[in-house]
Amino acid sequence: METECMNVMTRRAALKLGLSSAAMLAVSPAFAQLQITVTGGNFTPMPIAVPNFASGDPSFGAEVAQVVRNNLTGSGLFRLIDPAGYPQQVGDPNQTPAFDAWRTTGADALVMGNVERAGQIQSSLRLWDTTAGAQVTGKSYGTDPNSWRRIAHMASDAIYTGLTGESGYFDSRVIFVAESGPKANRVKRLAIMDQDGANVQYLTDGSRPAITPRLSPNGQLCAYMVFDGPTSSGIFILNLGTGQTQALGRFGQMNFAPRFSPDGRRLAFSVTNGAATNIYAIDLAGGQPQQLTTGSAIDTGPSYSPDGSRIVFESDRGGRPQIYVMGAGGGSGDRISFGNGSYSTPVWSPKGDYIAFTRQSGGQFQIGIMAPDGSGERILASSYHAEGPTWAPNGRVLMYFRDPGGNDGPSLYAIDIWGRNERRVATQGYASDPAWGPLLS
C-alpha cells in the first residue's frame, strides 16, 4: 500500500534529463543546484544524503537505509554523501531538517525516513531539496513483515520518481536461469530474485534443463522452455503463486522462445517443423495456435509492442539473422536492422520507444538498442559473449548476461540506456537468461 502525503514540490529536479536526452540540456537558474548535465553518456550524478531511518529497532532502521543507499547509487544517477559526515546519523521525517548544516555536506537532496516492524511493516519518508529548503515529495507505505526489503525498494522508487520524473524500478523481481556444476553437464534451474540479487528462490529442480523464462505482465506466470532431448522441446507455464506447472502443448518438433502479450492473454512462440521455424500465437484461455509467419526461414524471438499491435522478431530469411517488425496478426514484416553483423533476441521496451537486441559483429557480442523503425541504433555493451537483454519496468535500464568462456559460467549485468553504469548483479552462482518483471507496488 502507498499513499501520497503532504505537498509535492513544483520545482522538479533536472535529474530527469539524465534519462531522456543525448544533447546538452540547459536549465533555468531555479534548477541550478539540482542540475544534471547530460551530453550523451556524460553525466554528473546527484549528491544525496540518506541517514539511517528512525525506528524503535535502530539496527532495522539502519538496514533499511542501507538498501535504499545501495539502490540509489547502483542506479548510477546518485552519488551518496559519506554518512560519516552527516550532521545527524538518524533521520526524522516529522521534523524540518537544519538545511544549513546539510548543505555543508554537499548534499543537494536529503532523505528522512522512519520504519517500524509490528504486525505489518510501516514506513514513511520525506525527500528534501536542501538548496531550496523545501520538500520534494512525501510518502508512506506498508508491507508484509516477511518482505522487509520491499519497504526499502518502495522508498527508493519514491525518491527516484521525485527526482527524475520517471517511475522507479527497484520494487521488482527478476526471473533467471541459475546454473551450477561442470560446464559439460551443467544443471539449469529457474530462479527468481529481487532486482538487486537478494531473496533468491529456486522454482524448478533442475532434473530437466529449463531456459528462456519470460514473465507475464502481472508477474504471476512464467513461460519457459524445457529440453526433452536434442531434437525435442516444449513450453511450460508456471504459476508463481501456486507453484503449479502446465504444459502449453506440442506443436511441431520443437516449441521455444515464448513471450506474453501485453494483456497476458496470449503467448507468442516459435515452432520448428523440418528445416523451417515459424512464429505462432495462442490464446491462453484455450484453442489452437495461430500461425503468424510462413516460409522456410527461421523466424523466432517474438516480442510484442506495449500496445499489443505489433511484434518484433528475428529472421534469417535474408541470409543472416536480422530484426523485423510485423503486425500482431502476422505477415511478412519489415526489416529494421541494417548494421554490420547478425541481430537476435529483440525485445520491445515497456515505454515503446526502443527495441533492445543482441548483435554479433567483429568477433564480439554486443547489447544495443534502436528505435522501433530501426533508427538511432546504439551499442551499449560489448563482450566476448553478451546476450539476452531484458527491460526494467521503467524502460530505462537493461539486464543481460555475459559469459567469459572457458570453464567459467555466465553472470548477470545491468546497464542504462546510455551505456552508463554497467555493473554486475550479484547471484549465488552462474546465471543467465534474465527476465525482468513488473513493479510489485
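Anything mentioned here points back to the structure above.
The following paragraphs examine the structure supplied in this document. (Residues numbered from 1 in each chain as written. Predicted model: local features only at pLDDT ≥ 70, side-chain atom pairs only at ≥ 80, totals over all residues. Heavy atoms only, no water.)

1. Points about the overall build of the protein
Each helix and strand counted, the protein has 3 helices and 32 strands in total. For the protein, the residues scored as buried account for 54% of the 441 residues in total. Contacts in the protein between residues at least 24 apart in sequence constitute 45% of all its contacts with a sequence separation of at least 6. Entry remark: accessible area of the protein is about 17,700 Å², with carbon and sulfur atoms responsible for 48%. (Helix = DSSP H or I, 4+ residues; strand = E, 2+ residues; numbered from the N terminus. Buried < 20%, exposed > 50% of the residue type's maximum accessible area, 1.4 Å probe, protein only. Contact = heavy atoms within 4.5 Å. Areas by Shrake-Rupley, 256 points an atom, 1.4 Å probe, with all protein chains shown as cover.)

2. Examining the packing of aromatic side chains
Taken as a whole, this structure holds 13 aromatic pairs when the rule is applied. Relative to Phe357, the ring of Tyr343 has its centre 5.2 Å away and its plane inclined at 55 degrees; by these criteria the two rings are tilted. Of this pair, Tyr343 sits in strand 24 (residues 342–348) while Phe357 sits in strand 25 (residues 355–361); the two residues are 14 residues apart in sequence, bridging distant segments of the chain. Counting every residue linked through ring pairs, the aromatic cluster contains Tyr160, Tyr169, Phe170 and Trp436. The ring of Phe60 has Arg117 lying over it, and the distance from NZ or CZ to the ring centre is 3.8 Å. Note that Arg189 overlies the ring of Tyr202, its terminal NZ or CZ placed 3.9 Å from the centroid. (Phe/Tyr/Trp six-rings, centres within 6.5 Å; stacked < 30°, edge-to-face > 60°. Lys NZ or Arg CZ within 6 Å of the ring centre and 35° of its normal.)

3. Here we look at unusual backbone geometry
With a phi angle near 55 degrees, Ala257 is a residue other than glycine that sits in the positive phi range. Structurally, the position occupied by Ala257 is in strand 16 (residues 254–260). Its identity as a non-glycine residue notwithstanding, Asp433 has a phi of 50 degrees, on the positive side. Secondary-structure assignment places Asp433 in strand 32 (residues 430–439). Asp433 sits in the buried class, given a relative accessible area of 16%.

4. Let's talk about helix 3 (residues 148–164)
Taking 1.5 Å as the rise per residue, helix 3 with 17 residues should run 24 Å; its terminal C-alpha atoms sit 25 Å apart, in good agreement. Of all 17 residues in helix 3, 14 are buried; the element is thus mostly enclosed. Of the residues trailing helix 3, Gly165 is marked for its positive phi of about 80 degrees. (Expected span 1.5 Å × (residues − 1).)

5. Details of the sheet that holds strand 21 (residues 310–315)
Read from one edge of the open sheet, 4 strands run 20-21-22-23, paired in antiparallel fashion. Looking at the sheet topology across the chains shown, the edges are occupied by strand 20 (299–304) and strand 23 (334–335). (Pairing = 2+ DSSP bridges.)

6. Focus on helix 1 (residues 58–74)
When the terminal C-alpha atoms of helix 1 are compared, their 24 Å separation across 17 residues agrees well with the 24 Å that a helix rising 1.5 Å per residue should span. Restricting attention to buried positions, one finds in helix 1 the residues Phe60, Gly61, Val64, Ala65, Val67, Val68, Arg69, Asn71, Leu72 and Gly74. Looking at the buried side of helix 1, the elements it contacts are strand 4 (46–49), strand 5 (78–80), strand 6 (109–117), strand 7 (121–129), helix 3 and strand 31 (423–425). Immediately beyond the C-terminal end of helix 1, within one or two residues, lies Gly76, with a positive phi of roughly 80 degrees.

7. Comments concerning the environment of Ser216
Note that Ser216 resides in the loop between strand 12 (210–215) and strand 13 (221–229). For the pair Ser216 and Pro262, spaced 46 residues apart in sequence, the C-alpha to C-alpha distance is 8.0 Å. Polar side-chain contacts of Ser216 include one of 2.7 Å to the side chain of Asn218. (Polar contact = N/O pair within 3.5 Å; in protein donor to acceptor, adjacent residues only side chain to side chain.)

8. Quick word on the side chain of Thr390
Note on placement: Thr390 falls in strand 28 (residues 386–391). A polar side-chain atom of Thr390 sits 2.9 Å from the main-chain amide nitrogen of Trp436. Those residues in contact with Thr390, other than ones at most four positions away along the chain, are Val397, Leu398, Met399, Pro434, Ala435 and Trp436.

9. Concerning the pattern of salt bridges
Scanning the model with the defined rule gives 13 salt bridges in all. Put simply, Arg396 and Asp353 hold a salt bridge, and the shortest N to O gap is 2.9 Å. Placement of Arg396 in the loop between strand 28 and strand 29 (397–402) and of Asp353 in the loop between strand 24 and strand 25 is noted, with a sequence separation of 43 residues between them. A relative accessible area of 8% places Arg396 in the buried class. Salt bridges here are not isolated pairs; linked through shared partners, they connect Arg149, Asp194 and Asp196. (Salt bridge = Lys/Arg side-chain N within 4 Å of Asp/Glu carboxyl O.)

10. Here we look at the nonpolar core
Across soluble globular proteins, you tend to see nonpolar side chains buried next to one another. By size, the foremost hydrophobic cluster in this structure holds 45 residues, and its most contacted members are Ile48, Phe53, Ile159 and Leu163. The leading source of residues in this core is helix 3, at 8 residues. Within the second largest apolar cluster, 16 residues are counted, among which are Ile369, Leu380, Tyr400 and Ile415. (Core = buried A, V, L, I, M, F, W, Y, C linked by side-chain atoms within 4.5 Å.)

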